[in-house]
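What the coordinates show
So the chains spell out like this:
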Amino acid sequence: MSKPKISYSRRSILKGAAAFSAASTLSAPMIWAQDIKNVTLRQFGTGVSNLNDVAVKVKEDLGFTLEMTALDSDSVTQRAATQPKSFDIADIEYWICKKVWPTGNLQAMDTSKIKLFDKISPIFTTGKLTPESVVAQGTAPSTVGFVADQGAKEFAPEVTNWMTLIPTIYNADTLGIRPDLIGRPIESWAELLNPEFKGKASILDISSIGIMDMAMVCEAMGEIKYADKGNMTTDEIDKTIAIFIEAKKAGQFRAFWKSFDESVNLMASGEVVIQSMWSPAITAVKSQGIACVYQPLKEGYRSWGGGLGLSANLSGIELEAAYEYINWYISGWVGGYLMRQGYYSAVPETSKEFMDANEWGYWYEGKAATGDITSPTGQKLASAGDLRDGGSYSDRMGKVACWNAVMDENQYMVRKWNEFIAA
Amino acid sequence: MAMPRSNTATGWLLAAPLTLVLAAFLVLPIVMIVIVSFWGATEFSIYPAFEFDNYRYLFGSSVAWQVFGTTFRYAFVTWALTLGIGFTVAYFLAFHVRTLTWQITLALICTVPFWTSNIIRMISWIPFLGRNGIANSTLLSMGVIDQPLEWLLFSDFSVLLTFVHINTFFMIVPILNTLLRIDKSLIEAARDAGATGPQILWNVILPLAKPGIMIGTIFVLTLVMGDFITVRFMSGSQSANVGRLISNDVGLLQYPSAAATSVVLLCTVLIVVAGLLRLVDIRKEL
């Protein structure tokens, strides 16, 4: 106990606040069991994982209050970077962590306090799902998941005792298609620019993600070979955007979408038959009784992942509560909830207890459903005999080509993106 | 000496509330925008500075010129169409509808679309114009076309259609107002003097309707030039006007760049309006 105590005090003194409370509560770990009910942790993050059901369950299982604020990812980044006192727990994506960590607003987590640390999916620790896997391009979680010691501002290349984020939700994204309107197998990202789908394709108008989908397409077409799709050179950006401007001028795209609902409507109405899409949007189209497939492609997936980070201001009983929360988060209930939405959780095995054999088989193992598959809100998503698009966890997460990232040339890329939209 | 002084004081006091409200909620924010337009930005924060980078980028980039061009094109076409439709409707209401009751009733019917929000009226065009939408399926079943018309939706056509739909009313009201004030005896005199219908329209009614046309023009131009949401929804994000440029910058936390674009847009609109006001002295004619 003495080592963390010293470092908390030092941090507190540096901040000039709450020094004595940190020291006093830490030395008396027995008291907090009663006091923890009065603790309120303020969590903010993107809408995708700020689930009210989680807050309700936290109150039930752990006794303390979790306040959640949902923001868009730009605001999340800004808040994590500029307003450290406004939150206790930041639910951010890994690429945001890369940008925000150097500000010192987050504190590293002691992995010895995380009971299931050894069970966390290797994607987030070594970066290799299987020993022979290669770490994907972009901001792979393993590359920003650890620091050498608690106060370190730079990421450690290997697994250490100090973790930056505890992974919460992640998934592998690909193109969504309307198999009934296309009528032939789709196997490559290059199909997005296939003239066959002229006026019936779409891509998302969120530059940081859109550029990666573009890169997957250009690479699949054999036009460009990227050193790192997550961190392109200005030359690579120019070439990528030029290819897409040409396609846009030729009338390849029906529309671009910015919000989840728009992507659902474009697909459901048949305006678009192939487009970049997110997993829950596919579910939404399917639940309208329309055929829609989250098509696995031979070049692999573009993946994203988020995690919980602790504010540097957390200390004493709040910090203990935060560890308690994190341990609970990966202990299974949340995982089961997320998996039923088509996402994955950090420690997949623990979710098994909270899902029935049919659900586990369908969502995780890629087996044919033995009965109806329903979402957490009760909508029917699949019937007996159906298979999950892309198959099992290892089939999908083992084929990640690239992680969402923010580039060094981000500002340049955004300007080129505006050119693409205005072209 | 006492009288004028207290008069001055009363005058100042009477003007004060409006002045303060305008200063706090109009002048101050604009001044702030102008100041921020010279600041610099990193990816997460903005920092005070006095640099011309934002403006230099704006004037140096072909995208900005292109986008301003698109904005003017939308504004001009919308203006021409709303003027044509608005004037016709107002003319009909003013000269062909005889009773005041009917004039008021019909004018109120023109406001019915305003009972729902702008955005809802806009979005309701999407299922109507879509590939499998009502327009295309009707035309297909009538045998007018054998392929769905792709250009109906997510095109300049749909953007302009929506602009005209939403903004024509702002043209109707001021024109109707001026037309109703025209002394009917002037028209009778013109007819007695042997003028034909088109001559009366061109030489009598149109000159007298100028202030109304001008006010309507100012409404329509400023609304269209400042819009971003119509262009985003109706073009399927495929074309950009200045408003979208600004909203993109705000989304990416590039406030200084957004402020600079706003300042340029504001100046452009002010210049256009000032030019229009030179053509017609609204105050004199009202």
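Values in this document were obtained by computation on a predicted structure and should not be read as measured data.

Moving on: the domain arrangement of chain A. All names here are of chain A. What the domain assignment reports for chain A is domain 1 (2-172 + 303-352), domain 2 (175-299 + 392-422) and domain 3 (359-389). In this assembly, 11 residues from domain 1 lie in contact with nine residues from domain 3. Carbon and sulfur atoms supply 66% of the area buried between domain 1 and domain 3, which totals about 900 Å² over both sides. A per-residue breakdown of the area domain 1 buries against domain 3 is headed by M339, R340 and K352, which together make up 57% of the total. Applying the counting rule to domain 1 against domain 3 returns one salt bridge. R340 is the partner of E359 in a salt bridge, and the nearest nitrogen-oxygen pair spans 3.2 Å.

Attention shifts here to empty space enclosed by the protein. All names here are of chain A. In the structure shown here, the tally under the stated rule is three cavities of 30 Å³ or more. Counted as a void, the largest cavity has a volume near 180 Å³. In terms of lining residues, the largest cavity is bounded by 13 residues, among which S279, T283, K286, W363 and D389 are the most central. If you list the elements that add at least two residues to the lining of the largest cavity, you get α11 (279-286) and α15 (357-363).

Let us now look at the sheet that holds strand β12 (residues 253-257) of chain A. All names here are of chain A. With respect to topology, five strands assemble into an open sheet ordered β12-β11-β13-β10-β14, the strand pairing being mixed. The open sheet has two edge strands, β12 and β14 (293-295), and neither has a second partner. Averaged over all pairs of adjacent strands, the angle between their axes in this sheet comes to 25°, without regard to strand direction. Of the strand pairs in this sheet, strand β10 (residues 175-177) and strand β13 (residues 274-276) are connected by three bridges, and their pairing is antiparallel. Across the sheet, the residue bridging to G176 is Q275, located in β13. With respect to the sheet, helix α10 (residues 260-268) is in contact with β10, β11 (201-204), β12 and β13, its orientation differing from that of β12 by roughly 155°.

Note on placement: A:S133 falls in the loop between β5 (109-110) and β6 (137-138). Here A:T130 takes part through its side chain, which lies 2.7 Å from a polar atom of the side chain of A:S133.

Looking along a regular strand, one sees side chains alternate from face to face of the sheet. Residues and elements named next belong to chain A. Within strand β3 (residues 89-93), five of the five residues are buried, leaving the element largely enclosed by the surrounding structure. Judged by which residues are buried, β3 turns out to be covered on both faces: I89, D91 and E93 on one side and A90 and I92 on the other are all buried. For strand β1 (residues 40-46) and β3, the ladder comprises three bridges, and the chain directions are parallel. Within β3, the residue paired with Q43 across the bridge is I89.

Evaluation of the coordinates by the stated rule reveals 26 salt bridges over all chains. Of the charged contacts in the structure, one is a salt bridge between A:R184 and A:E196, with a shortest N-O distance of 2.8 Å. Here the residue A:R184 occupies a position in the loop between α7 (179-182) and β11, and A:E196 occupies one in the loop between α7 and β11, the gap between them amounting to 12 residues. Owing to a relative accessible area of 30%, A:R184 belongs among the partly exposed residues under this scheme. A:E196 sits in the partly exposed class, given a relative accessible area of 44%. One network of salt bridges, with partners in common, ties together A:R254, A:E271, B:R131 and B:E150.

Residue and element names in this part refer to chain B. Even without a glycine there, the phi angle at F154 is positive, about 55°. With respect to the helices and strands, F154 occurs in the loop between α7 (134-142) and α8 (156-181). On the accessibility criterion, F154 (11% relative accessible area) is buried. Phi angles above zero are rare outside glycine, and S237 is one such case at about 65°. With a relative accessible area of 0%, S237 lands in the buried category.

With 32 residues of chain A in contact, the opposing surface of chain B contributes 27 residues. Together, the buried faces of chain A and chain B total about 2600 Å²; carbon and sulfur atoms form 48% of this surface. When the buried area of chain A at its contact with chain B is split by residue, A:R254, A:R415 and A:N418 rank highest and sum to 22% of it. In this structure, the connection of chain A to chain B is made through three salt bridges. Put simply, A:E262 and B:R232 hold a salt bridge, and the shortest N to O gap is 3.0 Å. There are 16 residue pairs in polar contact (both at pLDDT 80 or more) connecting chain A and chain B. If you tally residues by element for the side of chain A that touches chain B, the top one is helix α17 (residues 410-422) of chain A, at eight residues. Partitioned by chemical class, the residues of the side of chain A that touches chain B number 11 nonpolar, 10 polar and 11 charged.

Cut-offs applied
- Residues numbered from 1 in each chain as written.
- Chains lettered and ligands numbered in written order.
- Predicted model: local features only at pLDDT ≥ 70, side-chain atom pairs only at ≥ 80, totals over all residues.
- Heavy atoms only, no water.
- Domains from an automatic or database assignment.
- Contact = heavy atoms within 4.5 Å.
- Buried area = accessible area lost by both parts, 1.4 Å probe.
- Salt bridge = Lys/Arg side-chain N within 4 Å of Asp/Glu carboxyl O.
- 1 Å grid on protein atoms, 1.4 Å probe; cavity = no way out; pocket = protein on both sides within 12 Å on 5 of 7 lines; lining within 4 Å.
- Points joined across faces, edges and corners; volume = space filled by probe spheres on them.
- Helix = DSSP H or I, 4+ residues; strand = E, 2+ residues; numbered from the N terminus.
- Pairing = 2+ DSSP bridges.
- Axes fitted to C-alpha atoms, helices over the stretch in contact; angles between N-to-C directions.
- Polar contact = N/O pair within 3.5 Å; in protein donor to acceptor, adjacent residues only side chain to side chain.
- Buried < 20%, exposed > 50% of the residue type's maximum accessible area, 1.4 Å probe, protein only.
- Nonpolar A, V, L, I, M, F, W, Y, C, P; charged D, E, K, R; others polar.

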